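# Overview (structure and organization)
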Amino acid sequence: MGEPSLYKDCDRFMKLLREKEIKQIFYTNGSLFNIFSNAEILNWGIQHLVVSIDGIDAQTYEHMRVGGNYEKQKKHYKNLKKNVNNWVCPNL
């Protein structure tokens, strides 16, 4: 299937799953953070978010993910984690 965040109706689909109280596990290669804000992601009510990182350091990551930016992705992960710890999600 590929990266789920690239699906054109991803946001609508994730909100529908939350409304129907269907547990969600979301696998991403990190593209998710370039498309949706932390607030949007957290509002989906995902129970498990699995992020695959294509390298152990910037050099291997950027070699494997052409056009990728290791430091930018690392910042996204840290910001989301910080926001999760402070998040009060409505309707959950």
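Residue numbers restart at each chain and count upward from 1, following the sequence in its written direction. Local features are withheld for residues below a pLDDT of 70 in this predicted model, meaning they are given only at 70 or higher, and side-chain atom pairs are given and counted only at 80 or more; totals for whole chains, interfaces and linings count all residues. Where side-chain values are given, they derive from all heavy atoms of the structure, hydrogens and water being excluded.

Side-chain atoms within 4.5 Å are what join buried Ala, Val, Leu, Ile, Met, Phe, Trp, Tyr and Cys residues into a set we call a nonpolar core. Think of it in three bands: with a 1.4 Å probe and only protein chains considered, a residue is buried below 20% of the maximum accessible area for its type, exposed above 50%, and partly exposed in between. Ranked by size, the top nonpolar core spans 13 residues in total, and within it Met14, Phe26, Leu32, Ile41 and Trp44 carry the most contacts. Counting from the N terminus, the helices are the DSSP runs of H or I reaching at least four residues and the strands are the DSSP runs of E reaching at least two. Elements that contribute at least two residues to this core include exactly α1 (10-19), α2 (32-35), α3 (38-43) and α5 (70-85). Take this core: its biggest share by element is three residues, from α1. In this description, contact between two residues means that some pair of their heavy atoms is separated by no more than 4.5 Å. With residues near it in sequence (within four places) discarded, Trp44 still touches Cys10, Asp11, Met14, Lys15, Arg18, Gln24, Phe26, Leu32 and Phe36.

We now examine the pattern of salt bridges. By salt bridge we mean one thing: a side-chain nitrogen of Lys or Arg within 4 Å of a carboxyl oxygen of Asp or Glu. What the rule picks out here adds up to three salt bridges. Ionic pairing is found between Asp9 and Arg12, a salt bridge with its closest N-O pair at 3.5 Å. You can call Asp9 partly exposed: its relative accessible area is 22%. Arg65 is the partner of Asp54 in a salt bridge, and the nearest nitrogen-oxygen pair spans 2.5 Å. Linking Asp54 in the loop between β2 (48-51) and α4 (58-64) with Arg65 in the loop between α4 and α5, this pair joins segments that are 11 residues apart in sequence. Judged by relative accessible area, which is 23%, Asp54 ranks as partly exposed. Take Arg65: its relative accessible area is 28%, and that puts it in the partly exposed class.

Now for unusual backbone geometry. Excluding glycine, residues mostly have negative phi values, and the peptide bonds linking residues are mostly trans. The residue Glu21 is not glycine, and still its phi comes out positive at about 60°. In this structure, Glu21 sits in the loop between α1 and β1 (25-28).

With that settled, the discussion passes to a nonpolar patch on the surface. The grouping of Tyr7, Phe13 and Leu16 at the surface amounts to a nonpolar patch, some 300 Å² of accessible area in total. Counting through the fold element by element, Phe13 comes out in helix α1. Excluding any residue in a salt bridge, patches collect residues exceeding 30% relative accessible area, merging like charges within 9 Å and nonpolar Val, Leu, Ile, Met, Phe, Trp and Tyr side chains within 5 Å. Values of accessible area rely on a 1.4 Å probe in the Shrake-Rupley scheme; residue burial ignores everything except the protein chains shown.

Looking now at the packing of aromatic side chains. Note on aromatic contacts: the rings of Phe and Tyr and the six-membered ring of Trp form a pair at centre separations within 6.5 Å, being stacked when their planes are under 30 degrees apart, edge-to-face when over 60 apart, and tilted otherwise. On inspection of all chains with the given rule, the structure shows four aromatic pairs. Between Phe33 and Tyr77 the ring centres are 5.3 Å apart and the planes differ by 75°, which places this aromatic pair in the edge-to-face class. Here Tyr77 lies in helix α5 and Phe33 lies in helix α2, a separation of 44 residues in the sequence. With respect to class, Phe33 is no different from Tyr77; both count as buried. By the ring-pair criterion, three or more aromatic residues cluster together here, those being Phe26, Phe36 and Trp44.

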